[in-house]
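# Residue-level structural notes
Chain by chain, the residues:
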Amino acid sequence: MSWVWLQIALFGGWGGHTSRNDLVAPDEVWHRFYGMGVIGVRFLPERRIQPTLSVELGSFISQSRQQGLFSQTHWNSVGIGLRARFLKKVVSPFLEGQAFRLVARCRDAEGKVMLNMPSSFSANGLGWGAGLSWRISPYGEVALAYVRRRPQTTQLEGVSGPAKDRIEGLIGQLSLYISPGTFNRARFQ
């Protein structure tokens with residue numbers, strides 16, 4: 001009798017970023033300050049192609065000094081993805097893609113719902129990430145990546161802009177391998 005043993009890695013990460021948003025009207029400049037975290041499960045971590053299930057949580061503050069506007073957005077998403085680790089060596093570059101469902105809540109400086117905005121909204125989206133991972137065999141892996149998520153909405157800052165918005169950041173990840181256990185594979189016992 002043969003058994004199929006899946007290798008599983010639990011991973012978590014935290015990151016942040018600051019940016020100048022270029023997806024608003026040309027006469028507006030918004031500055032963003034991000035914080036984001038992720039937890040998830042990665043299947044077959046010893047292989048080059050790794051399916052992934054993850055939950056991401058995050059928030060960012062946006063401000064436009066010219067207009068005197070301020071908003072804070074809290075979001076979470078559930079996603080499925082695929083990660084490709086290019087080399088089977090200890091250190092390797094990787095690339096990942098993701099499809100996700102995002103739920104966001106946008107508030108003003110006083111914590112109130114923004115004018116003409118629902119209390120929360122949701123959107124589907126696609127994302128990608130690229131980085132470098134270092135395998136700490138046989139227990140896990142440490143990685144540093146740039147991630148970009150593109151939800152199909154223009155209202156992440158509580159003000160509708162002319163283009164689809166994005167969430168981006170630098171994120172560090174720690175993966176811990178869960179071994180399926182060892183057993184005697186000898187033909188004769």
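You'll find the structure just up there.
Notes on the structure in this doc start here. (Residues numbered from 1 in each chain as written. Predicted model: local features only at pLDDT ≥ 70, side-chain atom pairs only at ≥ 80, totals over all residues. Heavy atoms only, no water.)

## Observations concerning the overall build of the protein chain
The line we're drawing: Where helices and strands are cited, they refer to DSSP runs of H or I of at least four residues and of E of at least two residues respectively, numbered from the N terminus. A simple rule labels every residue: compare its accessible area, found with a 1.4 Å probe on the protein chains alone, to the largest value its type can have, and call it buried under 20%, exposed over 50%, or partly exposed in between. Two residues form a contact once any of their heavy atoms are found within 4.5 Å. Per-residue and other accessible areas were derived by the Shrake-Rupley procedure at a 1.4 Å probe size, with only the shown protein chains allowed to occlude residues.
Counting its secondary structure elements, the protein chain contains zero helices and eight strands. N-terminal to C-terminal, the α/β element order of the protein chain is β-β-β-β-β-β-β-β. Here the protein chain holds 189 residues, and the buried ones make up 41% of them. A sequence separation of at least 24 residues applies to 61% of the contacts in the protein chain between residues at least 6 apart. For the protein chain, the computed accessible surface area is about 10800 Å², with 62% contributed by carbon and sulfur atoms.

## A word on the pattern of salt bridges
How we decide: The rule for a salt bridge is simple: a side-chain nitrogen of Lys or Arg has to be within 4 Å of a carboxyl oxygen of Asp or Glu.
With the rule as written, the count across this model stands at six salt bridges. Where Arg149 meets Glu56, a salt bridge forms, and the shortest distance between an N and an O atom there is 2.8 Å. In this pair, Arg149 sits in strand S7 (residues 140–151) while Glu56 sits in strand S3 (residues 49–64), placing the two residues 93 residues apart along the sequence. Taking relative accessible area as the criterion, Glu56 reaches 4% and is therefore assigned buried. Of the charged contacts, one joins Arg83 and Glu141 as a salt bridge, the two residues approaching to 2.9 Å between their closest N and O atoms. On the criterion of sequence distance, the pair formed by Arg83 in strand S4 (residues 69–85) and Glu141 in strand S7 is long-range, its members being 58 residues apart.

## Section: unusual backbone geometry
Non-glycine residue Leu44 carries a positive phi angle of around 55°. Assignment of secondary structure puts Leu44 in the loop between strand S2 (30–43) and S3.

## Quick notes on the environment of Leu82
As for its placement among the helices and strands, Leu82 is situated in strand S4. Along the sequence, Leu82 and Gln50 sit 32 residues apart, while their C-alpha atoms lie 5.7 Å from each other. Aside from chain neighbours lying at most four places away, what touches Leu82 is Ile49, Gln50, Pro51, Leu95, Glu96 and Gly97.

## A closer look at the nonpolar core
It is characteristic of soluble globular proteins that their nonpolar side chains tend to be buried jointly. The following threshold applies: Here the nonpolar core consists of buried residues drawn from Ala, Val, Leu, Ile, Met, Phe, Trp, Tyr and Cys, with membership extended through side-chain atoms lying within 4.5 Å.
If you look at the biggest cluster of nonpolar residues, it comprises 20 residues, and the most contacted ones within it are Phe60, Trp75, Leu102, Ala104, Leu156 and Ile167. Contributions of two or more residues to this core are made by S2, strand S5 (91–107), S7 and strand S8 (167–178). Counting residues per element, this core draws most heavily on S5, at five residues. When residues no more than four places from it in sequence are discounted, the contact partners of Ala104 are Thr73, His74, Trp75, Ser120, Phe121 and Leu156.

## A few points about a nonpolar patch on the surface
We apply this condition: In this scheme, patches are assembled from residues that exceed 30% relative accessible area and form no salt bridge. Like charges are connected within 9 Å, while nonpolar side chains (Val, Leu, Ile, Met, Phe, Trp, Tyr) are connected within 5 Å.
A contiguous nonpolar patch, built from Val90, Val91, Leu132, Trp134, Ile136, Val142, Leu174 and Leu176 and spanning about 690 Å² of accessible area, is present on the exposed surface. Sorting the residues of the nonpolar patch by element identifies strand S6 (121–136) and S8 as the ones contributing at least two each. Here the nonpolar patch gets three residues from one element, more than from any other, and that element is S6. Judged by relative accessible area, Leu132 falls into the partly exposed class, the value being 48%.

## Some remarks on the packing of aromatic side chains
This is how the line gets drawn: Stacked, tilted and edge-to-face are the three classes applied to pairs of Phe, Tyr and Trp rings, where Trp contributes its six-membered ring and a pair requires centres within 6.5 Å; stacked means planes under 30 degrees apart, edge-to-face means over 60, and tilted covers the rest. Note on criteria: charge over ring means Lys NZ or Arg CZ within 6 Å of the ring centre, with the direction from the centre no more than 35 degrees off the ring normal.
In the structure shown here, the tally under the stated rule is two aromatic pairs. We note Arg42 situated over the ring of Phe11; from NZ or CZ to the ring centre the distance is 4.1 Å. Taking the ring centre of Phe94 as reference, the NZ or CZ of Arg83 above it sits at 4.1 Å.

## Details of the pairing of S4
What counts is decided by this rule: If DSSP finds at least two bridges between two strands, the strands pair.
One ladder, built from 16 bridges, connects S3 with S4; its direction is antiparallel. Bridged to Ser54 within S4 is Gly79.

## Observations regarding the side chain of Arg149
Arg149 sits in the buried class, given a relative accessible area of 6%. Residue contacts for Arg149: discarding those within four places in its chain leaves Glu56, Glu96, Gln98, Phe100, Leu126, Gly127, Trp128, Gly129, Asp165, Arg166 and Ile167.

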